[in-house]
Amino acid sequence: MPSSVDALSNLPLRDDLVGLHPYGAPQLDVPILLNVNENTHGVPADVHAAIVEAVAAATQGLNRYPDREFTELRKNLADYLGHGLTPDQLWAANGSNEVLQQVLQAFGGPGRTAIGFPPTYSMYPLLASGTGTRYVTADREASYAMTPEATARAVRSSGANIVFLCSPNNPTGTALGLDVIEAAYEAGEAARAIIIVDEAYGEFAQKDTPSALTLLPGRPRLLVSRTMSKAFALAGARIGYLAAAPEVADALRLVRLPYHLSAITQAAANAALTHAATLLSNVEAIKVQRDRIVRELRGLGLSPAPSDANFVFFSGLEDPHRVWEGLLEAGVLIRDVGIPGSLRVTAGTERETTVFLSALEKLL
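An account of the accompanying structure is given in this report. Quick caveat: nothing in here was measured; it's all calculated off a predicted structure. (Residues numbered from 1 in each chain as written. Predicted model: local features only at pLDDT ≥ 70, side-chain atom pairs only at ≥ 80, totals over all residues. Heavy atoms only, no water.)

### Remarks on the packing of helix 2 (residues 45-59) against helix 9 (residues 263-273)
For any two helices packed against each other, the geometry comes down to the angle between their axes and how far apart the axes lie. The following threshold applies: Only C-alpha atoms enter the line fits that serve as axes; for helices the fit covers just the stretch in contact. Angles between N-to-C directions range over 0 to 180 degrees. Comment: elements are numbered from the N terminus, with helices defined as DSSP H or I runs of at least four residues and strands as E runs of at least two. The hand of a helix crossing depends on one turn: near helix anticlockwise from the far one by less than a right angle means left-handed, and clockwise means right-handed. Should any heavy atoms of two residues lie within 4.5 Å, those residues are counted as being in contact. All residues other than Ala, Val, Leu, Ile, Met, Phe, Trp, Tyr, Cys, Pro, Asp, Glu, Lys and Arg, Gly among them, are scored as polar; the first ten of these are nonpolar and the last four charged.
Here helix 2 crosses helix 9 at 150 degrees, and the two axes come no closer than 8 Å. Helix 9 is crossed by helix 2, and the crossing has right-handed handedness. Contact with helix 2, carried on its side by Val-47, Ala-50, Ile-51, Ala-54, Val-55, Ala-58 and Thr-59, involves Ala-263, Ile-264, Ala-267, Ala-268, Ala-271 and Ala-272 of helix 9 and no other residues of that element. Partitioning the contact of helix 2 with helix 9 into residue classes produces 12 nonpolar, 1 polar and no charged.

Written out as structure tokens, the structure is:
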């Protein structure tokens, strides 16, 4: 159970952590959970069986340490991503958050700066604080867009050593143009900045939205992070990864904990990757409901942001907290991200989406 604020103040906490709050959304017992962008479709039966079989086999050798280099997993991830990637360009850890933490441990730290573009993923400043990295921010344009010119200007003026670009962005769901990423990379040349493109929701992107993976050749300071929590419905397994130049993986080996990926984690991930096509069929079903939410929210007079993710951020609410509470009373939990007049909802199953939309319409 988390310590009370008063008790925490009695401990010799680092100065830069005083007053911070841990990351986390409400964990409530509600029939319909649409607040943390999980894959609401669960793991298909045949994939579940494959994972159980692989994990059972892995338990036979639990008296031994796992493959420290997670060789099979890196090969499977490279095959899954394509784009001519090789296993030595892949790195994995316990969720994309640990991947990002390792990047900050290797390239951030005291005397170095990371930059983010809020509203964006709230873990970036927390990860920076945890590694002693200074965190600065730059404004987005109207409708949460980012232009190449403004992005380059912010990167140059900050002198940032690490640049966080989230695409599709959390919490807005908006995607970045490749020209923005290219501009950030070029602007970071003087500081030899690491450019991280966080594509946690990449599999949900619209058909005409390209991945930053296409920009990797010839850019050794560009990193593209992904996760198996969303499209692969493995949020509980904690598997994240990145693709980059081989030397980036070598740098992360310097800071990773010994044998950081358990044999069970590797077995589950490898089994899921062999059934990627089955899992990604659920992605298409989720995208249908996401696009439905966008259409129907517009019909209710609200302003949903264009979404390339498995969630929809929408504005135009006079009292978002009242709406959030009303939905909760109706058995639907969504996310209040603290942006005035706005809320965020994960795209659920067809039934869950229908319940959400009906309850929202009554509240409005």
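Picking up after the structure, the text goes on.
### Observations concerning the packing of helix 6 (residues 148-158) against helix 7 (residues 178-187)
For clarity, the cut-off: Roughly parallel here means an angle under 35 degrees, roughly antiparallel means over 145, roughly perpendicular means 65 to 115, and every remaining angle is called oblique.
Between helix 6 and helix 7, the least distance of the axes is 8 Å, while the angle of their chain directions is 25 degrees. Classified by the angle their axes make, helix 6 and helix 7 are roughly parallel. The handedness of the crossing between helix 6 and helix 7 is right-handed. Across from Pro-148, Thr-151, Ala-152, Val-155 and Arg-156 in helix 6, the residues of helix 7 making contact are Asp-179, Val-180, Ala-183, Ala-184 and Ala-187.

### Looking at the packing of aromatic side chains
Short version of the rule: A pair of aromatic rings is counted whenever rings of Phe, Tyr or Trp (Trp by its six-membered ring) have centres within 6.5 Å, and the orientation is called stacked for planes under 30 degrees apart, edge-to-face for over 60 and tilted otherwise. Lysine NZ or arginine CZ positioned within 6 Å of the ring centre and within 35 degrees of the ring normal marks a charge as sitting over the ring.
In the structure shown here, the tally under the stated rule is 8 aromatic pairs. Each ring, one from Tyr-80 and one from Phe-232, has its centre 5.1 Å from the other, and the planes form 80 degrees; the classification is edge-to-face. Note that Tyr-80 is positioned in helix 3 (residues 71-81) and Phe-232 in the loop between strand 7 (222-227) and strand 8 (240-243), a separation of 152 residues in sequence. What links up through ring pairs into an aromatic cluster is the set Tyr-121, Tyr-124 and Phe-164. Over the face of the ring belonging to Phe-70 we find Arg-74, whose NZ or CZ atom lies 5.8 Å from the ring centre. Taking the ring centre of Tyr-185 as reference, the NZ or CZ of Arg-221 above it sits at 4.0 Å.

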